[in-house]
Amino acid sequence: MENKKTDTASALKDIISHAKEYGFVFPSSEIYDGLQAVYDYGQNGVELKNNLKTVWWKAMTMLQDNVVGIDASIFMHPLTWKASGHVDSFNDPMIDNRDSKKRYRADTLLEDRSALLEDQGKADEAKALMQHMAKCLDAGDLEGVRQLIIDQKITCPVSNTANWTEVRQFNLMFSTQVGAVSEDASLIYLRPETAQGIFVNFLNVQKTGRMKIPFGIAQIGKAFRNEIVARNFIFRMREFEQMEMQFFVRPGTEMEWYATWKETRMKFHQALGLPADSLKFHDHDKLAHYANAAVDIEYKFPFGFKEMEGIHSRTDFDLKSHQELSKKKQQYFDPEINENYIPYVVETSVGADRLFLAILCNAYTEETVGEGEQEKQRVYLNFHPALAPVKVAVLPLVKKDGLAEKAQEIVKEIKFAFNTTYDEGGAIGKRYTRQDLIGTPYCVVVDYQTMEDQTVTIRDRNTMSQERISIADLKEKIGHAVSMERIFEKLL
RNA sequence: GCGAAAGUAGCUCAGCUGGUAGAGCGCGACCUUGCCAAGGUCGAGGUCGCGGGUUCGAACCCCGUCUUUCGCUCCA
């Protein structure tokens, strides 16, 4: 048996086609030509995604003594985003140079010019320029900002020309209104990250849960970003789901926890079946305004190693900022050292959709089986049994002679324990293939011997080998193999 | 946002120089068969992404637009 995996760009196309054809991912509103960077999960996709969310949730909360979950709402008080820095840093006025095709932040161009003026000893002029720019930006006067760039005769460092486009505001947060009357409505945002829902509930959870530092709060939820450019299928979407955990620690201990969580999270991805050589850490060179250390866990997607999970040491930036803006103390009293402090935070944040894509890409297997004239291609999805959308398909070898009825009896017996499907249409080989294509790990076949001795064959997806077992043992044997415990035991 | 390529049945794709839409696979029913995508018969499924234009006539030519992929750019 020879495994063949294409690393080329066509690999992603094959996976996208497969995802659509077999009910994993559909383009959103496809009958209206789709909506850019938005996708829907189909009947098999939702099962896989739910399994991923469940395994993450349990690994975080059930397996950790000191992590609990919450589910915060998508709408949050507008000041939340002021405190988090998103209002300021998620709103960039951008300008393009038509000759070099390069894009710049308009405010950065002017700030650079201001610094240059100052170097030339024209401090007054520099200050006036900054004030003028601030006035324009506050008023939303983008044309005014462009005029400043032109008046200053700022040119593109690449093309050396001043052939500028208009200044456009790229607001990465989606906004909407709350309130019935639009004039009275106040602007609110769809959250661009789920983390803030945890920070604003930090004390609620700590007090009601009698949590002692170090402890964590986990959450799974949707977040929204108005991406300028969306690429690579479900890798970058405008509406996406995050699975993240904020871990609150005593200041000064954050780097130890950062190292611990790095290791824990890497182990998790490997336990799901992602191979070690397809995963790597990537340290951030440039740190975000809130972080003092940041690393990505990258997966080798068909389009290269890309971020799947981020692990950030967020310091006390968020809680401190919320404390300042809300004027509510965000302190924790640490009885061990008899001190009040704002905890430091270590965040682990994985994109549920990216993990889904990684698992799907990794599972997609093209394989040549048989030899000589018997040789043929087969495709199957090699999911960990605990993650597979369907765990077992029960197939009567033929429809007649009571085999179908017998098979349906078996389905009735085991369908409470795990996701079971029944298929009697077409030749047995075709039905095996149907299950391979959606990654079902086991096929149970009812044949003539079943009618005599109450045994069935059970076929393994990867090896295609069969084993005969008693119907009475089915539930336990399959149940054991498809249990998430098979993943959890690798985490210890 | 810029540049390039693409868009025809669920999927993969044909479709000549402009002349009223095709195949394979898949799907459904029935027959035959019975362990790895078997055969037969019948059938469902398409305003050729969408909107304009040119033309007697457009899947095909022109313009616009949407979507996707790739390269830039962006990614607190």
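These numbers come from a predicted model, not from an experiment.

Reading guide: rules and limits
Residues numbered from 1 in each chain as written. Chains lettered and ligands numbered in written order. Predicted model: local features only at pLDDT ≥ 70, side-chain atom pairs only at ≥ 80, totals over all residues. Heavy atoms only, no water. Pairing = 2+ DSSP bridges. Helix = DSSP H or I, 4+ residues; strand = E, 2+ residues; numbered from the N terminus. Axes fitted to C-alpha atoms, helices over the stretch in contact; angles between N-to-C directions. Core = buried A, V, L, I, M, F, W, Y, C linked by side-chain atoms within 4.5 Å. Buried < 20%, exposed > 50% of the residue type's maximum accessible area, 1.4 Å probe, protein only. Domains from an automatic or database assignment.

Participant: Which parts of the structure should I look at to understand the sheet that holds strand β10 (residues 215-224)?
Facilitator: The strand order across the open sheet formed by seven strands is β4-β10-β11-β17-β14-β13-β12, and the pairing between neighbours is mixed. In this open sheet, the two edge strands, each paired with only one partner strand, are β4 (67-69) and β12 (279-283). Pairs of neighbouring strands in the sheet enclose a mean axial angle of 25°, with direction left out of account. Looking at chain direction, β12 and strand β13 (residues 293-301) are connected through five bridges and run antiparallel. Across the sheet, Asp283 pairs through a bridge with Val295, a residue of β13.

Participant: It is not clear to me how the nonpolar core should be interpreted in this structure. Could you clarify?
Facilitator: A general trend in soluble globular proteins is that nonpolar side chains are found buried together. With 60 residues, the main nonpolar core has Phe24, Trp56, Leu272, Leu355, Ile359 and Phe383 as its most contacted residues. For this core, the element with the most residues is helix α12 (residues 352-363), which contributes nine residues.

Participant: Any chance you could explain the sheet that holds strand β21 (residues 420-422) here in plain terms?
Facilitator: Pairing between the strands of a sheet is mediated by backbone hydrogen bonds and can be parallel or antiparallel. The sheet built from five strands is open, its strands ordered β21-β20-β22-β23-β24 with mixed pairing. Single-partner strands in this sheet number two, and they are β21 and β24 (466-470). For this sheet the average axis-to-axis angle between neighbouring strands, irrespective of direction, equals 30°. Across five bridges, the pairing between strand β20 (residues 392-396) and strand β22 (residues 442-446) is parallel. Looking at the pairing, Val394 lines up with Val444 of β22.

Participant: What exactly am I supposed to notice about the domain arrangement of chain A here?
Facilitator: Reports often express the size of an interface as the amount of accessible area lost when the parts come together. By the assigned domains, chain A splits into domain 1 (3-89 + 172-361), domain 2 (91-171) and domain 3 (388-488). Just the C-alpha atoms count here: the centres of domain 2 and domain 3 sit 66 Å apart.

Participant: Please clarify how the environment of Arg105 should be interpreted in this entry.
Facilitator: Summarising the element assignment, Arg105 is placed in strand β6 (residues 103-105). Taking the C-alpha atoms as reference, Arg105 lies 27 Å from Ile234; in sequence the two are 129 residues apart.

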